[in-house]
Amino acid sequence: MNFVEFCVPALCLTAALWVYFRFFYTNHGNKQPRTLRDLQQCRITLRSSTLASRAAPNQRLAEVFNIDNALTTTNRVYHDSIVQGIRLNLQTPDDEWNTLATFALNNLRHTILLNLVVEDGQKSAVLVPVVQSLVFRVVLLKFFPKIIKPSEDDVQYITTRINLLWLATKHGPSQADSNLLEMKRQLEVRLRRVFGKSPDEQINGRANPLNILIPAYESIWRVVLRCFLEVRFRKCENEIEESVTKRKYKMIFRNFMSHPNPSVFETSFQDTHIAVKHIVNEALRLYPPTRSIHRQLNNEMVRIDVEWLHRDPVSWGRDAEEFKPERWVGVLLKGIDGKMAFTPFGLGGLSCPAKKFAPMMIGILVGALVGGVDEGWEVVDEKLGGDVLGTKVLDGGREAYEGLRLRRFNDEE
């Protein structure tokens, strides 16, 4: 199956879902949540969140993906057992970080080769599926190490359908919709194949591997994509600054990938005064894993606008929409507004248990991309009109860069 054969049905399904759910919403008068942007109000709301206030808006996820996890349950005992298991699983010694980094580097090269197409004598690969495949496979290795290496066709099918179904949750899905049901059925077929389950084994509720894959994979691939674009392809005000900045990022990640451990992650590299942690923090600030967090408060649904908080000039200064990892150097000396507004993993008792693990994982995934996509590659997409290669903040939307391609212009391999 080539890329066109793979994506055309997916695009048709996306269009069908959009039309259906637009009609469904319009005709059912669904009330939009109230948006919260006041920093103190947002922090209070997050810290006072209950399982019920979080589970209510996430029931659409539970319905569409047939999951039952810490994000969707109101059962405190079950929730605590899940979180405890996750925390144990997230304990990662240095040798395991090294294994993950090596696997990511090797897998990226293989994935690019599998996705290459030749048009007019030039080799290219669509970037989003490459990033999604890389993130998915590394997440599998970490959380499901016994899984035999899945085919690229299965991985791309699963990641594409997860994305389409996620979009469906934003439009009030109906179990009766035939396209949605068929997508769910086919997704389950592929998951059974990857996880070695027989047709009669359950793959829903508490037995669903998506209970882990949704928060682990789905929450970070967009961050990885945009962080990679920022450090590898974005423009600066002048060519000299751009050349120096890109070379600096490359050296920082090369050093980290040769010694992928928390100490190197947090330590500034030589005289750059920047660590991989600073770069990842800046990516998490501009492109948070969850752009908004929903809570059900009494009879009202509210939406905490995380992306707005992370880009608010009041907290971050006039350069709030610029990618500047150096802002994290000595952040404690710059006042508390920015630090208080930084909530990529939530706050309080229901904050993400992977908030210390995820930045390292993002660093390794971006490091693999920076190391594997050398100067012989460029990014192209005529429809974006220079957006990716410009200096303005990137679009944080899920579908923003689906057509972006890696193109080989210096093929010496």
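Cut-offs applied
Residue numbers here run from 1 along each chain, matching the order of that chain's written sequence. The predicted origin of the model limits local features to residues at a pLDDT of at least 70 and limits the giving and counting of side-chain atom pairs to 80 or more, whereas totals for whole chains, interfaces and linings rest on all residues. Only hydrogens and water are set aside; all other atoms, that is, all heavy atoms of the structure, feed into the side-chain values. The helix and strand labels rest on DSSP assignments: H or I over at least four residues marks a helix, E over at least two residues marks a strand, and numbering proceeds from the N terminus. Surface exposure here means Shrake-Rupley accessible area, sampled with a 1.4 Å probe, where a residue is shielded only by the protein chains that are shown. In what follows, residue pairs with any heavy atoms lying within 4.5 Å of each other are defined as contacts. Surface patches are drawn from residues lacking salt bridges whose relative accessible area is over 30%; two like charges belong together within 9 Å, two nonpolar side chains (Val, Leu, Ile, Met, Phe, Trp, Tyr) within 5 Å. For this document, the term salt bridge refers to a Lys or Arg side-chain nitrogen within 4 Å of an Asp or Glu carboxyl oxygen. In this tally Asp and Glu are treated as negative and Lys and Arg as positive; neither His nor the chain ends contributes. For the purpose of locating charges, the reference atoms are NZ of Lys, CZ of Arg, CG of Asp and CD of Glu. Accessible area is worked out with a 1.4 Å probe on protein chains only. A residue is then buried under 20% of its type maximum, exposed over 50%, and partly exposed in between. Pairs were defined over the aromatic rings of Phe, Tyr and Trp, the Trp ring being its six-membered one, requiring ring centres within 6.5 Å. Orientation was assigned from the angle between planes: stacked under 30 degrees, edge-to-face over 60, tilted for the rest. Note on criteria: charge over ring means Lys NZ or Arg CZ within 6 Å of the ring centre, with the direction from the centre no more than 35 degrees off the ring normal. With axes taken as lines fitted to C-alpha atoms, and helix axes fitted only over the stretch in contact, angles between N-to-C directions fall between 0 and 180 degrees. These descriptions rest on fixed angle ranges, namely under 35 degrees for roughly parallel, over 145 for roughly antiparallel, 65 to 115 for roughly perpendicular, and the rest for oblique. Take the far helix as your reference; a near helix turned counterclockwise from it by less than a right angle gives a left-handed crossing, and one turned clockwise gives a right-handed crossing. Residues were grouped as follows: Ala, Val, Leu, Ile, Met, Phe, Trp, Tyr, Cys and Pro as nonpolar; Asp, Glu, Lys and Arg as charged; and all remaining residues, including Gly, as polar. A score between 0 and 100, pLDDT records how confident the predictor is in each residue. DSSP calls a pair of strands paired once it identifies at least 2 bridges connecting them.

1. Looking at the overall build of the protein
Item 1. On a plain count of helices and strands, the protein comes out with 18 helices and 7 strands.
Item 2. On the protein, roughly 19700 Å² of surface is accessible, and the fraction owed to carbon and sulfur atoms is 53%.

2. Thoughts on the side chain of Asp154
Item 1. Looking at where Asp154 falls in the secondary structure, it is placed in helix α8 (residues 152-169).
Item 2. If sequence neighbours within four positions are ignored, Asp154 has contacts with Arg190, Arg193 and Val194.

3. A closer look at a positive patch on the surface
Item 1. A cluster of basic residues, Arg47, Arg87, Lys355 and Lys356, forms a positive patch on the protein surface.
Item 2. Structurally, Lys355 is set in the loop between α17 (337-341) and α18 (357-372).
Item 3. The exposure class assigned to Lys355 is partly exposed, which follows from its relative accessible area of 42%.

4. Digging into the packing of aromatic side chains
Item 1. Under the criterion given, the structure shown has 11 aromatic pairs.
Item 2. Considering the side-chain rings of Tyr249 and Phe323, the 6.4 Å spacing of their centres and the 75 degrees angle between planes classify their relative orientation as edge-to-face. Pair noted here: Tyr249 is in helix α12 (residues 239-258) and Phe323 is in the loop between α16 (313-316) and α17, with a separation of 74 residues, a long-range link. Neither Tyr249 nor Phe323 differs from the other in exposure class; each is buried.
Item 3. Here the aromatic rings of Trp316 and Phe342 are separated by 6.5 Å at their centres, their planes lie at 80 degrees, and the arrangement is edge-to-face. Placement of Trp316 in helix α16 and of Phe342 in the loop between α17 and α18 is noted, with a sequence separation of 26 residues between them. Judged on exposure class, the residue Trp316 and its partner Phe342 are both buried.
Item 4. Through pairs of rings, three or more aromatic residues link up here, namely Trp97, Phe143 and Phe357.
Item 5. Over the aromatic face of Tyr157 sits the side chain of Arg161, whose NZ or CZ is 4.1 Å from the ring centroid.

5. Quick notes on the packing of helix α7 (residues 127-143) against helix α10 (residues 210-218)
Item 1. Put simply, α7 and α10 touch, their axes get as near as 10 Å, and they point 130 degrees apart. Relative to α10, the element α7 lies oblique. In the packing of α7 onto α10, the handedness of the crossing is right-handed. Each of Gln132, Val135, Phe136, Val139, Leu140 and Phe143 in α7 lies in contact with α10, whose residues at this interface are Ile212, Leu213, Ala216 and Tyr217.
Item 2. Class assignment of the residues belonging to the contact of α7 with α10 gives a composition of 9 nonpolar, 1 polar and no charged.

6. Regarding the pattern of salt bridges
Item 1. Scanning all chains against the criterion turns up 24 salt bridges.
Item 2. A salt bridge links Asp80 to Arg76; the nearest nitrogen and oxygen atoms lie 3.3 Å apart. You can see Asp80 and its partner Arg76 sitting in helix α5 (residues 76-90), 4 residues apart, about one turn around the helix.
Item 3. In this structure, Glu242 engages Lys246 in a salt bridge whose closest nitrogen and oxygen atoms are separated by 2.9 Å. Of this pair, Glu242 and Lys246 both sit in helix α12, 4 residues apart, which is roughly one turn of that helix.
Item 4. Overall, Lys246 belongs to the partly exposed group, its relative accessible area being 23%.
Item 5. Salt bridges here are not isolated pairs; linked through shared partners, they connect Glu282, Arg285, Asp319, Lys324 and Arg327.

7. Thoughts on the confidence of the model for the protein
Item 1. Per-chain confidence: the protein averages 87 in pLDDT, with 87% of residues scoring 70 or above.
Item 2. In the model, residues 13-29 has pLDDT below 50 throughout and makes 29 contacts with residues more than four positions away in sequence or in other chains.

8. Looking at the sheet that holds strand β7 (residues 405-408)
Item 1. An order of β2-β3-β7-β6 is seen for the 4 strands of this open sheet, with the pairing classed as antiparallel. Of all the strands in the sheet, the pair left with one neighbour each is β2 (117-119) and β6 (377-380). Neighbouring strand axes in the sheet, compared pairwise and without regard to direction, differ in orientation by 35 degrees on average.
Item 2. Across 4 bridges, β6 lies against β7 in antiparallel orientation. In the strand pairing of β7, Val379 is matched with Leu406.
Item 3. Lying over the sheet, α7 contacts β3 (122-126) and β7, oriented at roughly 55 degrees with respect to β3.

9. Some thoughts on the environment of Val373
Item 1. With respect to the helices and strands, the residue Val373 is situated in the loop between α18 and β6.
Item 2. Classification of Val373 by relative accessible area gives buried; the value is 1%.
Item 3. The residues contacting Val373, other than those within four sequence positions of it, are Ile112, Phe228, Arg232, Phe233 and Leu406.

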